[in-house]
Amino acid sequence: MWNQTSLAGKRVLVTAGGDGIGLEIAHAFAGAGSKILVCDIQPESLARLAKDLPDVHSCLADVSREKDVASMFELVDQRLGGLDVLVNNAGIAGPTGGVETLSLADWERTLAVNLTGQFLCIRQAVPRLRQGRAPSIINLASAAGHLGMAGRAPYSASKWGVVGLTKTLAIELGRDGIRVNAILPGAVDGPRIRSVIAAKAKALGKPEEEITRAYTDQAVLGRMVTARDIANMVLFAASDLAANVTGQELVVDGHTQSLN
Ligand SMILES: NC(=O)c1ccc[n+]([C@@H]2O[C@H](COP(=O)([O-])OP(=O)(O)OC[C@H]3O[C@@H](n4cnc5c(N)ncnc54)[C@H](O)[C@@H]3O)[C@@H](O)[C@H]2O)c1
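Residues numbered from 1 in each chain as written. Predicted model: local features only at pLDDT ≥ 70, side-chain atom pairs only at ≥ 80, totals over all residues.

Enquirer: What should I look at first to understand the overall build of the protein in this one?
Expert: A tally of helices and strands in the protein yields eight helices and seven strands. Relative to the 2.2 N^0.38 estimate, which gives 18 Å for 260 residues, the radius of gyration of the protein is 18 Å and therefore close to what a compact globule would have. Principal axes of the C-alpha set define a box for the protein whose edges measure 50 × 40 × 35 Å. The buried share of the protein, reckoned over its 260 residues, is 45%. When contacts within the protein are restricted to residue pairs at least 6 apart in sequence, those whose partners lie at least 24 apart make up 71%. (Helix = DSSP H or I, 4+ residues; strand = E, 2+ residues; numbered from the N terminus. Rg over C-alpha atoms; globule rule 2.2 N^0.38 Å. Buried ≥ 20, exposed ≤ 12 C-beta atoms within 10 Å, placed from the backbone. Contact = placed C-beta atoms within 7 Å.)

Here it is as structure tokens:
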């Protein structure tokens, strides 16, 4: 289906594409015939990626480090020859606990990866996107970027920040023809959510099954979403099918009413 859209030949950078949702996004763009560079901080994940998707370029880069991001964009120029789509996917869960129990270091690390990392990549990407074809930026936020989430203050604050950044840049860059959208996933089934659930169960002294049930019941569809659901929305947002969609919160959460 996606090979009927405008994605073949698009030059795409996916941050944190070695595992999880980012890996699924890389697979989806590869299936659509795009040219892709992926970064990650885990060399083992990138080695696995190189085996599975030999045409995808990759590099080690921590998006919160300005130097890493600058080197990564040099590779964008060398390997992709320009940029049409930036997918700001890197984000960490951050600590779980009541606000008075959180350390400043954990607060700062969460904001550094989830929000400053997107800023650093966007700052490098924009001059390249101005030269790109139907360019767009897609920022991974979260349902916690438009709902409160008790026990996850740094994460939720960082993701509200991502939504603010997205809406602001959509206005700032609209006249340059650069679209900017945020994707807000609900709980995505996979290893990350299981470790979040385990941390929450421990913090509240409750069984993991009870927390898992709360996570599935919080969506009106009664199930978690999948990484493939998120990749589908990323591809839609990057494609010409979304040519007049910008500044939006694209929510993929089974209509989650509140976050547990
Ligand atoms: N999993 C969910 O339930 C969920 C829900 C809502 C939003 N999100 C968001 O989706 C995005 C992807 O989430 P995920 O669940 O795939 O994450 P994940 O924890 O599975 O991590 C994916 C990859 O990110 C890499 N990574 C971590 N820190 C990095 C950094 N500083 N620089 C570069 N790479 C880094 C890891 O090495 C890993 O390979 C994040 O922004 C996350 O906040 C996830």
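Enquirer: Quick question: what am I supposed to make of the packing of helix H3 (residues 66-80) against helix H4 (residues 104-130) here?
Expert: Each pair of packed helices gets described by two things: the angle between the helix axes and the distance between those axes. For the pair H3 and H4, interaxial distance at closest approach is 9 Å and the crossing angle is 30 degrees. Compared by their axis directions, H3 and H4 come out roughly parallel. Judged by the twist between their axes, the crossing of H3 over H4 is right-handed. Here H3 contributes Glu-66, Val-69, Ala-70, Phe-73 and Val-76 to the contact with H4, which in turn contributes Leu-120, Cys-121, Gln-124 and Arg-128. (Axes fitted to C-alpha atoms, helices over the stretch in contact; angles between N-to-C directions. Parallel < 35°, antiparallel > 145°, perpendicular 65-115°, else oblique. Left-handed = near helix turned anticlockwise from the far one by under 90°.)

Enquirer: Got a minute to help me understand the pairing of strand S5 (residues 136-140) in this structure?
Expert: Side-chain direction in a regular strand flips from residue to residue, so the side chains alternate between the two faces of the sheet. For S5, the buried fraction is high: five of the five residues fall into the buried class. Alternating positions in S5 separate into two faces, Ser-136, Ile-138 and Leu-140 on one and Ile-137 and Asn-139 on the other, with burial throughout. Here four bridges tie strand S4 (residues 85-88) to S5, and the two strands are oriented parallel to one another. Bridged to Leu-86 within S5 is Ile-137. A crossover links S4 with its parallel partner S5, the connecting element being H4, and its sense is right-handed. Alignment of S5 against strand S6 (residues 179-185), held across five bridges, turns out to be parallel. The partner of Ile-137 across the bridge, within S6, is Val-180. In this view, the connection linking S5 to its parallel neighbour S6 by way of helix H5 (residues 153-174) has right-handed handedness. (Pairing = 2+ DSSP bridges. Right-handed = clockwise from strand over helix to strand, strands pointing away.)

Enquirer: Got a minute to help me understand the domain arrangement of the protein in this structure?
Expert: It is common to give the size of an interface as the accessible area that goes away when the parts come together. You can read the domains of the protein as domain 1 (2-187 + 226-252) and domain 2 (189-224). The gap between the C-alpha centroids of domain 1 and domain 2 is 25 Å. Taken together, the contact pairs nine residues of domain 1 with 11 residues of domain 2. Classifying every residue of the side of domain 1 that touches domain 2 by side-chain character gives three nonpolar, six polar and no charged. (Domains from an automatic or database assignment. Nonpolar A, V, L, I, M, F, W, Y, C, P; charged D, E, K, R; others polar.)

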